Amino acid sequence: IGCGVLVLLCCGVFGITGYWGASYFKESFSDDPVKARDITDAIVTIEIPESLEPQGSLDLRVPIQGDRIMTGALYGSKEGDNHLIIGEFNPEMVDSGDIETQFRKSMRGTDRGEHENLDIIESETYDAKINGEDAAFRVSKAEGRESKKAYWQVTGEFRGDAGPAML
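Residues numbered from 1 in each chain as written. Predicted model: local features only at pLDDT ≥ 70, side-chain atom pairs only at ≥ 80, totals over all residues. Heavy atoms only, no water.

Participant: I'd like a description of the nonpolar core, backed by residues and values.
Facilitator: Core analysis: the largest hydrophobic core is formed by 16 residues, its most contacted members being I43, L84, I130, F137, F158 and L167. The greatest single-element share of this core, amounting to 3 residues, is contributed by helix α2 (residues 33-43). Not counting the four nearest positions on each side in its chain, I130 is found in contact with V44, A135, F137, F158 and R159. (Core = buried A, V, L, I, M, F, W, Y, C linked by side-chain atoms within 4.5 Å. Buried < 20%, exposed > 50% of the residue type's maximum accessible area, 1.4 Å probe, protein only. Helix = DSSP H or I, 4+ residues; strand = E, 2+ residues; numbered from the N terminus. Contact = heavy atoms within 4.5 Å.)

Participant: Could you give an account of the pairing of strand β4 (residues 83-89), with specific residues and numbers?
Facilitator: Counting buried residues in β4 gives 5 out of 7 residues, a clear majority hidden from the surface. Across 7 bridges, strand β3 (residues 68-76) lies against β4 in antiparallel orientation. Looking across to β4, one finds that L74 is bridged to I85. Both β4 and strand β8 (residues 164-166) contribute to a ladder of 2 bridges, which runs antiparallel. Residue G87 lies in a different strand from β8, and its bridge partner there is M166. (Pairing = 2+ DSSP bridges.)

Participant: Outline the sheet that holds β3, listing residues and values.
Facilitator: What the 8 strands build is an open sheet, ordered β1-β2-β3-β4-β8-β7-β6-β5; its pairing is antiparallel. In this open sheet, the two strands that pair with only one neighbour each are β1 (29-30) and β5 (118-130). In this sheet, strand β2 (residues 53-61) lies alongside β1 in antiparallel orientation, the contact comprising 2 bridges. Residue pairing in the sheet places F29 in a bridge with L58 of β2.

Participant: Could you give an account of the pattern of salt bridges, naming the residues involved and the relevant values?
Facilitator: Using the criterion set out here, one finds 3 salt bridges in the structure. Across the pair K78 and E53 runs a salt bridge, and its minimum N-O distance is 3.9 Å. Of this pair, K78 sits in the loop between β3 and β4 while E53 sits in strand β2, and the two are 25 residues apart along the sequence. The class of K78 is exposed, set by a relative accessible area of 69%. Taking the relative accessible area as the measure of exposure, E53 reaches 36% and is therefore partly exposed. The salt bridge partner of D134 is K129, with a shortest N-O separation of 2.9 Å. (Salt bridge = Lys/Arg side-chain N within 4 Å of Asp/Glu carboxyl O.)

What follows is the structure, given as structure tokens:
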């Protein structure tokens, strides 16, 4: 009887914690276009091409404490072949200098992170000033590994309004 009560207690704690965690992360994602634009404006002042519409946003915070882990916005074309992802991270929770790799790892396994792997054919760097600091963006011509479709990819890290950010 004691073991049975212990098993029920453990299962109850794990079940409630799992349910609470899943609902917490579900609430962090939003499909509201206004929220995506607000998050973008909080990260950086940028002109988004008219062909890209807000598709979703992420506002991930530490449970109970409320500290921001990551915020981001996803834009896409109606055809679904063009995307823009802007994200900003808590400087205390990420290693600056390799934000792109960390972001890609965090998006693996989500429906928003399943994009075709690309082989870079040629690449060049574009230097810019964002929020008064130097930023470098890599503009690459690429090919999809499976589809052999041609892609252009622009990636870079910069200082957002509240921490390290990437495009």
